[in-house]
Amino acid sequence: MRETRARPIRVLLILTAIAVGVIVLFMTLNARGRWDFILPFRGMKVVSMVLAAYAVAVSTVLFQTVGHNRILTPAIMGFDSLYILLQTSLVFSLGSARLTALDPRLLFGLEVVTMVLFAVLLYRWLFSGTSRSLHLLVLVGIVFGLLFRSLASFMQRIIDPNEFSILQDRLFANFNSVESDLLLVSFGMVAVASLAAWQLVPVYDVLALGRDAAINLGLDYGRAVTTVLVLVAVLVSVSTALVGPVTFFGLLVANLAYQVAGTHKHRFILPVAALLAVICLVGGQLILERVFAFDTALSIVIEFLGGILFLVLLIRGIAR
Amino acid sequence: MIEIAHVSKTYADTVVVRDVSLRIPRGGVTSIIGPNGAGKSTLLSLVSRLLPMTAGTVTVDGLDVTQTPSDILAKRLSILRQENRVTSRLTVRDLVEFGRYPYSKGRLTAEDRAHAARAIGFLGLEALADRYLDELSGGQRQRAYVAMVLCQDTDYALFDEPLNNLDMKHAVGMMKLLRRAADDLGKTVVLVLHDINFASCYSDTIIAMRDGAVLHHGTPQEIMTRDVIRDIYDMDVEIQDVRGYRISSYYI
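Residues numbered from 1 in each chain as written. Chains lettered and ligands numbered in written order. Predicted model: local features only at pLDDT ≥ 70, side-chain atom pairs only at ≥ 80, totals over all residues. Heavy atoms only, no water.

1. With respect to the sheet that holds strand β4 (residues 55-60) of chain B
All names here are of chain B. We count it as follows: Think of it this way: DSSP has to see at least two bridges between two strands before they count as a pair. Each helix is a run of DSSP H or I of at least 4 residues and each strand a run of E of at least 2, with the numbering of both proceeding from the N terminus.
Strands sit in the order β2-β1-β4-β5 across an open sheet of 4 strands; the sheet is antiparallel. Strands with a single pairing partner mark the edges of an open sheet, and in this sheet they are β2 (14-24) and β5 (63-64). Both strand β1 (residues 2-11) and β2 contribute to a ladder of 7 bridges, which runs antiparallel. Looking across to β2, one finds that K9 is bridged to V17.

What follows is the structure in structure tokens.
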């Protein structure tokens, strides 16, 4: 009993220390020039990375709890493709002139609301009924993802080239060019979503028992699933707006978290996954940028490792 | 009392439960028997709100199961399904403590822990309490799930084939335990059973289903006759009296 309680706390402390260390290193290593320029510049980068890492980790863990398996993630099920499609259709239908005239915070809010609406509409039926086979879920995810991406790229082809370049700017806000406005709104969104999410931590543990057991314990299953999907949609919107689509990053950190934490209680798994995501993202960026002097190749490394893990999990899951 | 009135369940064109009306009184052990595909498990799922019914109503102590908020029902009625595949890595104690969720909503009090400890003791799982579920044998795991249901401390406890995967020693142990839950703890126990002899020896009432409908309903003495069993299973069996219980030998 003592052992099972002490280990997750120890893991949490160690991971927090590593995460803080990585962030401090990222802020200070190889700093040539004036500190009053470097600190805000790098600080914004770190904040956006931490936000994105947190959003990806929490949304993936919650999504896997609702889906009752460790293979699916919001990204694999096409959530971020959906976000990109919504972005594209917004530029397509309204035109960039009207978009840039809008308050960016309002615009982002609008995008997130539409995203939540569509995500709940499209995915609720998959997860609130009786359990479905993993094959069906993966297939639906692939079809949805492909459909959303194709529709988006179709619209991008027939759009005015000027509009396209503005759209591209909006879609691929990388770490080096995050707008402070967007960062602030994202921070607010994540804070509100987190506040709601942490209230429900005992519910996730019950959800993880499976549909029948959860209903037996008095959970309003349909409502709980919808709530989690809303939270996931908000978090995916934020992470996709900040760093663009990353398919396998969430899969990597969520599975790592279950390995490392030594418990399946969400009050430990969620922070462990978030810390691991921060360490991977900030640490990876640190090594690539400062040690190897590469640029923006981190996503390739993460996707490579995550993709391999996905294949391994899929083969093992099917073999079982 | 569980009151089932004109309940039906249809999937597309197949009728799984056909206009079933039943009264299951408070207290005692009630067994539901019948051939495969008779709709026994489905009926149990309908009563416990795990499946929506196509027609009819089910009330538990006057509470309509489709209208009453789920968390209120969870303090009156619990169910254990046949397959329980939990993906989380949990200890026996973790699992049993989930039974307190309807009361504690995840924040366990000392009283909740005491309830869990009692349920673990009732099932004789003290030595295994801190072991993980995936390290246990099928029978031990089944006992852990039953402990969770008892920990939920509901007046009505429904079990869907609780003897699945148990050897004869553990099967007898499980039936004695459920009998004790009814006699000592005052629970109303409803079971789906495949072995009619267990139903005969341990229940107060037997409900026999076939093709989605209730065929017979009565005491073990009334159900365990050659004619009734032939009616239910299309089989000719011999019924013997063994120490006051009716036992059928259907193996040869």
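Resuming the write-up.
2. Remarks on the nonpolar core
Just so we agree on the cut-off: By nonpolar core is meant a set of buried Ala, Val, Leu, Ile, Met, Phe, Trp, Tyr and Cys residues that side-chain atoms within 4.5 Å join together. Summary of the burial criterion: residues with accessible area below 20% of their type's maximum are buried, those above 50% are exposed, and those between are partly exposed, where the area comes from a 1.4 Å probe applied to protein chains only. Whether two residues are in contact is decided by their heavy atoms, any of which lying within 4.5 Å being enough.
The biggest cluster of nonpolar side chains holds 187 residues, and the ones touching the most others in it are F79 and Y123 of chain A together with I2 of chain B. Discounting chain neighbours no more than four positions away, the residues touching F79 of chain A are F63, P74, M115, A119, Y123, L229, V232, A233 and V236 of chain A. Membership of the second largest hydrophobic core comes to 6 residues, among which are L90, L99, L107 and I159 of chain A.

3. Quick notes on the domain arrangement of chain B
All names here are of chain B. Put simply, the test is: The start and end points of each domain follow an automatic or database-based domain assignment. Throughout, buried area stands for the accessible area (probe radius 1.4 Å) lost by two parts on being put together, summed over both. A pairing counts as a salt bridge when a side-chain nitrogen of Lys or Arg comes within 4 Å of a carboxyl oxygen of Asp or Glu. In the analysis that follows, any N or O atom pair within 3.5 Å is treated as a polar contact, provided that within protein one partner can donate a hydrogen and the other can accept it, and provided that, for residues neighboring in sequence, both atoms belong to side chains. The nonpolar class holds Ala, Val, Leu, Ile, Met, Phe, Trp, Tyr, Cys and Pro. Asp, Glu, Lys and Arg form the charged class, and all remaining residues, Gly among them, are polar.
Each domain of chain B was delimited in the assignment, giving domain 1 (1-76 + 155-252) and domain 2 (83-153). Domain 1 and domain 2 are separated by 24 Å when their C-alpha centres are compared. With 17 residues of domain 1 at the contact, the number on the domain 2 side is 13 residues. When the two sides are added together, the surface that domain 1 and domain 2 hide from each other amounts to roughly 1300 Å², 69% of it contributed by carbon and sulfur. Between D153 and K187 there is a salt bridge, with its nearest N and O atoms 2.7 Å apart. Seen at the junction of domain 1 and domain 2, the total is 3 residue pairs in polar contact (both at pLDDT 80 or more). Elements with a contribution of two residues or more to the side of domain 1 that touches domain 2: β7 (156-160) and α7 (168-183). By residue number, the principal contributor to the side of domain 1 that touches domain 2 is α7, which donates 6 residues. Looking at the side of domain 1 that touches domain 2, its residues break down into 10 nonpolar, 1 polar and 6 charged.

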